[in-house]
Amino acid sequence: MDNQKEKKYNILFVCLGNICRSAAAEAVMKAILKKHEDERFFVDSAGILSYHQGEPADPRMRYFAGLRGYDVTSISRPVKGYDFEKFDIIIGMDDSNVDDLKDRAGTLEQESKIHQMTEFVIHSDATCVPDPYYGGNEGFENVMDLLEETCEGLYQYLVSKI
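Calculation notes
Residues numbered from 1 in each chain as written. Predicted model: local features only at pLDDT ≥ 70, side-chain atom pairs only at ≥ 80, totals over all residues. Heavy atoms only, no water. Core = buried A, V, L, I, M, F, W, Y, C linked by side-chain atoms within 4.5 Å. Buried < 20%, exposed > 50% of the residue type's maximum accessible area, 1.4 Å probe, protein only. Helix = DSSP H or I, 4+ residues; strand = E, 2+ residues; numbered from the N terminus. Contact = heavy atoms within 4.5 Å. 1 Å grid on protein atoms, 1.4 Å probe; cavity = no way out; pocket = protein on both sides within 12 Å on 5 of 7 lines; lining within 4 Å. Points joined across faces, edges and corners; volume = space filled by probe spheres on them. Nonpolar A, V, L, I, M, F, W, Y, C, P; charged D, E, K, R; others polar. Axes fitted to C-alpha atoms, helices over the stretch in contact; angles between N-to-C directions. Parallel < 35°, antiparallel > 145°, perpendicular 65-115°, else oblique. Left-handed = near helix turned anticlockwise from the far one by under 90°.

Asker: Mind showing me how you'd approach the nonpolar core here?
Answerer: Soluble globular proteins tend to pack their nonpolar side chains together in the buried interior. Residues I11, F13, M29, L147 and L154 are the most contacted members of the largest nonpolar core, which totals 37 residues. Elements with a contribution of two residues or more to this core: β1 (9-15), α1 (21-35), β2 (41-47), α2 (59-67), β3 (89-92) and α6 (137-161). Residue contributions to this core peak at nine residues, all from α6. Dropping the residues within four chain positions of it, L147 is found in contact with R21, A24, A25, V28, M93, M117 and V129. In this structure, A46, I48, V79 and V98 belong to the second largest nonpolar core, which totals 12 residues.

What follows is the structure, encoded as C-alpha cells:
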C-alpha cells in the first residue's frame, strides 16, 4: 500500500457505550498513526448500545487521556449493520463486546473481522480492557495503560499484514 491513493484500511473500536474505552482507543490509535506519519488507515469508534448516542466521551476519560496528550473528540454512536461492510477490522474491548458483535455479524466473513483488543497486547497479560465507568480514577489510568500498549501492538500487527 505504498500508493497513498489506495483504499484506506478501516479500523473500528467498540465498547458498550462508546464514551470511554472505544473513544479513547480511537484517539490513541490516531496519535500512533500521526507519530508514524501513516495515512493508510481510517479510525472510528462505536458502542454496542445507543444510550449515549450524540454525546462526547465521558469527561473523566477525556481528562485522563488528555494528561497523556490524547485528544478524545469522538461523539458516541451505536454500531450499525453497515459497519460490518465498511470496516476491515472491528475490535471489541471485552468478551461481552466481542460476543455482541458476533451476534450482529451477518456473515462468516463479517464475523472474521471481529477481534478482542487484548489480542494485541505486547507485554501485559491482560485478557480484556475493563470498563472504567463505575470505578475510580485508577480504572481510567489502567484503561489508558492498556490502550497505549494494545494500540501499538495493533499497529505493528496491521503493518505486518498490509
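Asker: Just checking my understanding: could you explain the layout of surface pockets for this structure?
Answerer: Rolled over the atoms, a probe with the dimensions of a water molecule shows which regions are left empty. Space inside the largest pocket adds up to approximately 180 Å³. Along the walls of the largest pocket sit C15, L16, G17, I19, C20, R21, L49, Y51, H52, D131, Y133 and Y134, which together make up its complete lining. By residue class, the composition of the lining of the largest pocket is eight nonpolar, two polar and two charged.

Asker: How do you make sense of the packing of α2 against α6 when you look at a structure like this?
Answerer: Geometry of a packed helix pair, given as the angle between the helix axes and the separation of the axes. Packing of α2 against α6 leaves a shortest axis separation of 10 Å and a crossing angle of 55°. Judged by the angle between their axes, α2 and α6 are oblique. Once α2 is placed against α6, the crossing between them reads as right-handed. Across the interface between the two elements, R60, M61, F64, A65 and L67 of α2 pack against N137, F140, E141, V143 and M144 of α6.

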